[in-house]
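# Notes for the structure review
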Amino acid sequence: MNKARWQDARNYLFKLTWTKVYNLLLLVAGYAVSKIVKKSYHWGMPTSVSIEPTTSCNLRCPECPSGLRSFTRPTGMLQTKLFEQLVQDNRNSLTYLHLYFQGEPYLHPEFTKLIAIANKNKIYTATSTNAHYLDDKNSEATVRSGLDRLIVSIDGVSQESYEQYRVGGKLARVVAGTENLLKWKRKLNSKTPYVIFQFLVVRHNENEIETARKLAAEIGVDAIHFKTAQIYDYKNGSPLIPKNTKYSRYKAMGNGTYEIKNKLENKCWKMWQSCVVTWDGKVVPCCFDKDAKYTMGSLNGVSLREVWHSQPYQRFRNRVLVSRKSIDICENCTEGLSIFEN
């Protein structure tokens, strides 16, 4: 483990409390019992939450509902008051808050203020960005906010390659934005955020993996992760599926069709450990429910605790335990197969 990664791990651990650890133990115990008896028992609160600052985005990525504008749910901005209430109510159980689901988070006018609120309550914070808005103002504000982890999407090391997936994007702005953020990190003598290049491996850029590693080293980011692409219509193949099977979520069956590598066993730790909150307060089971089809409840006037332990949520967990393959958002789930780290 390199120095930066060790510092990131320490930063996370220092924000733990005995109450948070106890909550995590309750989740582990409930999950273990539930897998054995095939019935949902849940005794804790989520230790990790992803919350969506906005569904708006400046790019048009071909496998992204936000980029394709293919949502049936509305586009909007997270209300600061709703966010503050979520943090206040769950600060004794939350260990990880990912301020991202769909959209580009820096389009939210108070985005760095949201981070600062969570940081003040000693919750580890992370976000993912296409880095087109990391100008001086946003970069300085990001470092000062106390953001713990920043994931920068960089899916090519030439403009020609990059724009094939990040449609409408400029690679030069991604590089400049990242360098700007790192500049302010040095200026303010800050150990955070831990900056990660995330490289989505698809067929047209899989030959650039080594070059991407070199670029990451030259710029000085803390790590580079290679992520496999989720393809919505994968069964008959796709020009995005890489030839290198290591970086594919799918396997060729020899007859022109593809299958997902995940065996989709009747269990899912995420159903016990985490959830996703949309910009307008809807609680959904996980990040594969991008259109909020399986809304478990709403935080508008209702606490996360009430939604988390509600009958609809328990019924959904029971369904995962006995017939996960029957749930459409689970059919393309590649949990545990999605990230290769170097």
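Now for a quick tour of the structure. Everything quoted here is computed from the prediction, not taken from an experiment. (Residues numbered from 1 in each chain as written. Predicted model: local features only at pLDDT ≥ 70, side-chain atom pairs only at ≥ 80, totals over all residues. Heavy atoms only, no water.)

## Things to note about the pattern of salt bridges
- Within the structure shown, the criterion is met by twelve salt bridges.
- Note that K113 is salt-bridged to E110, the shortest N-O span being 3.8 Å.
- A relative accessible area of 42% means that K113 is categorised as partly exposed.
- Using a relative accessible area of 33% as the deciding quantity, one classes E110 as partly exposed. (Salt bridge = Lys/Arg side-chain N within 4 Å of Asp/Glu carboxyl O. Buried < 20%, exposed > 50% of the residue type's maximum accessible area, 1.4 Å probe, protein only.)

## Points about the environment of T55
- On the secondary structure map, T55 appears in the loop between strand 1 (48–51) and helix 3 (65–68).
- Along the chain, T55 and Y12 lie 43 residues apart, while their C-alpha atoms are 28 Å from each other.
- At a separation of 3.2 Å, a polar atom in the side chain of T55 contacts the main-chain amide nitrogen of G76. (Helix = DSSP H or I, 4+ residues; strand = E, 2+ residues; numbered from the N terminus. Polar contact = N/O pair within 3.5 Å; in protein donor to acceptor, adjacent residues only side chain to side chain.)

## Concerning the packing of helix 6 (residues 136–145) against helix 8 (residues 171–187)
- Relative to each other, helix 6 and helix 8 sit at 45°, their axes nearing to 9 Å. Our classification of the angle between helix 6 and helix 8 gives oblique. The two elements helix 6 and helix 8 meet at a crossing, and its hand is right-handed. Mapping the contact onto sequence places D136, S139, E140, T142 and V143 in helix 6 and G177, N180, L181, K183, W184 and K185 in helix 8.
- Residues of the contact of helix 6 with helix 8, tallied by class, amount to three nonpolar, four polar and four charged. (Axes fitted to C-alpha atoms, helices over the stretch in contact; angles between N-to-C directions. Parallel < 35°, antiparallel > 145°, perpendicular 65-115°, else oblique. Left-handed = near helix turned anticlockwise from the far one by under 90°. Contact = heavy atoms within 4.5 Å. Nonpolar A, V, L, I, M, F, W, Y, C, P; charged D, E, K, R; others polar.)

## Observations regarding the packing of aromatic side chains
- Across all of its chains, the model carries eleven aromatic pairs by this definition.
- Their ring planes at 55° and their centres at 5.3 Å tell us that Y31 and W272 sit as a pair that is tilted. On the criterion of sequence distance, the pair formed by Y31 in helix 2 (residues 18–37) and W272 in helix 10 (residues 270–273) is long-range, its members being 241 residues apart. Neither residue differs from the other here; Y31 and W272 are each classed as buried.
- On the numbers, 4.8 Å between centres and 65° between planes, the contact of Y106 with F111 is edge-to-face. (Phe/Tyr/Trp six-rings, centres within 6.5 Å; stacked < 30°, edge-to-face > 60°.)

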